Amino acid sequence: MDILYGMPSHEAFEMAERKEIALGGCCIDIEGPERSCTSCGHEWRIKRQEIKFEFK
C-alpha cells in the first residue's frame, strides 16, 4: 500500500484504519519508503522519475 507523509487529514486517518494507506509521519522524507506490505510491514521505495529543483 502507499505511504502518506505529512499531516494527515481526517479522511487519511479513516483510510489508514481501513488499511488503504499507511501513515508515514508528519516529517516528509523524499528519500523515505513509498510502499508498505500489509502482511509483514516491510517498507520500500519504488523507482520514480527524478525531480530536479532549480533555484534562482
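Within each chain, residue numbers correspond to sequence positions counted from 1 in written order. Note on the predicted model: pLDDT of at least 70 is required for a residue's local features to be given, and 80 or more for side-chain atom pairs to be given and counted; whole-chain, interface and lining totals, by contrast, use all residues. Side-chain calculation: all heavy atoms of the structure are included, whereas hydrogens and water are not.

1. Here's the deal with the overall build of the protein
Segments assigned H or I by DSSP are reported as helices when at least four residues long, segments assigned E as strands when at least two residues long, and all are numbered from the N terminus. Across its full length, the protein holds one helix and four strands. Each helix and strand of the protein, placed in order from N terminus to C terminus, yields the pattern β-α-β-β-β. Residues classed as buried in the protein amount to 18% of the 56 residues present. Residue pairs at least 24 apart in sequence account for 21% of intrachain contacts in the protein once pairs closer than 6 positions are excluded. The protein chains shown are the only cover counted for residues, whose accessible areas, like all others here, come from Shrake-Rupley with a 1.4 Å probe. Working note: accessible area of the protein is about 5,100 Å², and carbon and sulfur atoms make up 54% of it. Here's how the labels work: a residue is buried when its accessible area is under 20% of the maximum for its type, exposed when over 50%, partly exposed in between, all with a 1.4 Å probe on protein chains only. Contact definition: two residues touch when any of their heavy atoms are within 4.5 Å.

2. Considerations on the pattern of salt bridges
Definition used for salt bridges: Asp or Glu carboxyl oxygen within 4 Å of a side-chain nitrogen of Lys or Arg. In the structure shown here, the tally under the stated rule is three salt bridges. With a shortest N-O distance of 2.6 Å, aspartate 2 and arginine 35 are connected by a salt bridge. Pair noted here: aspartate 2 is in the segment before strand E1 (3–4) and arginine 35 is in strand E3 (residues 35–36), with a separation of 33 residues, a long-range link. Residue aspartate 2 is classed as partly exposed on the basis of its relative accessible area of 39%. Overall, arginine 35 belongs to the partly exposed group, its relative accessible area being 27%. With a closest N to O distance of 2.9 Å, arginine 18 and glutamate 20 form a salt bridge. The class for arginine 18 is partly exposed, based on a relative accessible area of 48%. Looking at glutamate 20, the relative accessible area reads 40%, which means it is partly exposed.

3. With respect to the confidence of the model for the protein
One rule of thumb: low pLDDT means the predicted coordinates there are not for detailed reading. Each residue carries a pLDDT score, the predictor's own confidence in it, on a scale running from 0 to 100. For the protein, per-residue confidence averages 87 on the pLDDT scale, and 89% of positions sit at 70 or higher. Within the protein, the lowest mean pLDDT, 90, falls on strand E4 (residues 43–44), and the highest, 96, falls on helix H1 (residues 10–17).

4. As for the environment of glycine 6
Here glycine 6 lies in the loop between E1 and H1. Counting along the chain gives 21 residues from glycine 6 to cysteine 27, while the straight-line C-alpha distance between them is 5.9 Å. With residues near it in sequence (within four places) discarded, glycine 6 still touches Gly25, Cys26 and Ile28.

5. Quick notes on unusual backbone geometry
One non-glycine residue with positive phi stands out, namely lysine 19, at about 60°. The class of lysine 19 is exposed, set by a relative accessible area of 61%.

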